[in-house]
Amino acid sequence: MIDNPPPWPDGARMAVAFSFDVDADSVVHASHGAEAIHMPHALAHMRYDPFVGTPRLCKLFAARNVPITCFVPGWVAETYPGVVEAILDNGNELGHHGHFHEWPSRQTAAAERETLERGIEVLTRLSGKRPRGYRAPYYGLSQTTYDLLIELGFAYDSSLFADDIPILLDNGKGRLVEIPVPATIDDYNHYVSSRAFDYLMKVSSPKQALEVYRADFDAMYEFGGLWVSCWHPGVSGRPAQAIAIRELIDYMQEKGDVWFATIGEITDHVNGLIAAGTWSPRVETIPFYSSPVLGGRDQETP
């Protein structure tokens, strides 16, 4: 079913990357501006992330020798430096996730560039390493995001539900590895129902969510693909959800022949295969369309 799976290190059947978006309360401030300070329920909900959820998850993964990639907005890293320490103390990867969890698609190109540069500066200063990877807040990529990422020297993005294996994005001036995320593996879809965020959904039990995660993993295991999670410590760092993650790791490790890696390590592997001529990914030219298919933004769809 996957026509061109990459060869994984040491003959592994598939690759697994656990990733977390460490948003903290940046989303509250970004969404509500000056009114955010009058929303203690929403703020406390999201501050659980840096104070409890992320440290707990870092310890959980370290105990099982599984690395993780954490995408952190610059403001969050600066406001909660302890969360950066918790991530790096366990040998994990720190990725870029905007500066204030802004929608890139709602920014001008100049504002988006400034956001990327501010995030780079903060993460580099606090970690000692320039971030190599990016995930767009809300997955809200703009038409110019990839041009900026390539220009600023990013190695990879992980924002698209584009494929089951890594692909390349080419804008004619450079290339970027895209590490796709399965649309089903986002904990907000399973666990979050909050009046504070006007986000009301039926909450799944961890057992039900685990069935979805396992089904995606089993399919990728059969066909040699890439399994990437996208979770949030403020959601899945809570006890019942964290236990489900622990059970999922144990399930994967018991099956064996799985390469657990950071997204940066997967990117390096892909680039190594390309350089050696042993595997070639699908290449997408960006932007996907140079002009509207149906006309301007104001044109009604027939």
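Each remark here, short or long, concerns the structure printed above.
Can you help me understand the overall build of the protein in this one?
A count of helical and extended segments in the protein gives 11 helices and 10 strands. Expected size for 302 residues packed as a compact globule is a radius of gyration near 19 Å; at 19 Å, the protein falls within 12% of this value. Here the C-alpha coordinates of the protein stretch approximately 55 × 50 × 50 Å along the principal axes. Among the 302 residues that make up the protein, the fraction classed as buried is 52%. Across the protein, contacts joining residues at least 24 apart in sequence account for 72% of those joining residues at least 6 apart. Approximately 14000 Å² of the protein is accessible, and the part contributed by carbon and sulfur atoms is 51%. Both charge centroids of the protein, one from 24 positive and one from 39 negative side chains, sit 4 Å from each other.

What's the story with the packing of aromatic side chains in this structure? I'm lost.
How two aromatic rings sit relative to each other is given by the distance of their centres and the angle of their planes. Tallying each qualifying case throughout the model produces 17 aromatic pairs. Here the aromatic rings of Phe18 and Trp227 are separated by 5.2 Å at their centres, their planes lie at 65°, and the arrangement is edge-to-face. Within this pair, whereas Phe18 is found in strand β1 (residues 14–21), its partner Trp227 is found in strand β8 (residues 226–228), the two being separated by 209 residues in sequence. Assigned by exposure class, Phe18 and Trp227 land together as buried. Relative to Trp231, the ring of Trp227 lies with its centre 6.3 Å away and its plane at 80°, an arrangement referred to as edge-to-face. Like Trp231, Trp227 is buried.

Help me understand unusual backbone geometry in this model?
What you tend to see is this: most non-glycine residues have negative phi, and most peptide bonds are trans. A cis geometry characterises the amide bond from Ile286 onward to Pro287, with omega recorded as -5°. Summarising the element assignment, Pro287 is placed in the segment after β10 (283–285). For Ala24, which is not glycine, the phi torsion reads 50° and is therefore positive. Assignment of secondary structure puts Ala24 in the loop between β1 and α1 (26–32). A positive phi angle, near 60°, is found at Asp257, a position not held by glycine. Turning to its location among the elements, Asp257 is positioned in the loop between α10 (239–255) and β9 (258–260).

What should I look at first to understand the nonpolar core in this one?
Across soluble globular proteins, nonpolar side chains have a tendency to be buried as a group. Counting residues in each nonpolar core, the largest one holds 63 residues, and the members touching the most others are Val16, Phe18, Phe20, Phe61, Trp227 and Ile266. Each residue touching Val16, except ones within four places of it in the same chain, is listed here: Phe217, Trp227, Met252, Val258, Trp259, Phe260 and Ala261. If you look at the next biggest cluster of nonpolar residues, it comprises 16 residues, including Ala136, Leu141, Leu148 and Ile286.

Criteria and thresholds
- Throughout, residues of each chain are indexed from 1 in the direction in which the sequence is written.
- Side-chain atom pairs in this predicted model are given and counted only at pLDDT of 80 or more, local residue features only at pLDDT of at least 70, and totals for whole chains, interfaces and linings cover all residues.
- Values reported for side chains reflect all heavy atoms of the structure, with hydrogen atoms and water molecules removed beforehand.
- Here a strand is any run of E in DSSP of at least two residues, a helix any run of H or I of at least four, and the numbering for each starts at the N terminus.
- Computation of the radius of gyration draws on C-alpha atoms alone. For the globule rule, the value is 2.2 Å times the number of residues to the power 0.38.
- The rule is simple: take the accessible area with a 1.4 Å probe, protein chains only, and divide by the maximum for that residue type; under 20% is buried, over 50% is exposed, in between is partly exposed.
- Only heavy atoms matter for contacts: two residues are in contact if any of them lie within 4.5 Å across the pair.
- Computed with a 1.4 Å probe, the accessible areas rest on the Shrake-Rupley method; for each residue, only the protein chains presented here act as cover.
- The charge count treats Lys and Arg as positive and Asp and Glu as negative. His and the chain ends do not count.
- A charge is said to be at NZ when it belongs to Lys, at CZ for Arg, at CG for Asp and at CD for Glu.
- In this scheme Phe, Tyr and Trp rings, the latter by its six-membered ring, pair at centre separations within 6.5 Å, and the angle between planes marks the pair as stacked below 30 degrees, edge-to-face above 60, and tilted otherwise.
- Think of a nonpolar core as a cluster: buried Ala, Val, Leu, Ile, Met, Phe, Trp, Tyr and Cys residues, connected wherever their side-chain atoms sit within 4.5 Å.

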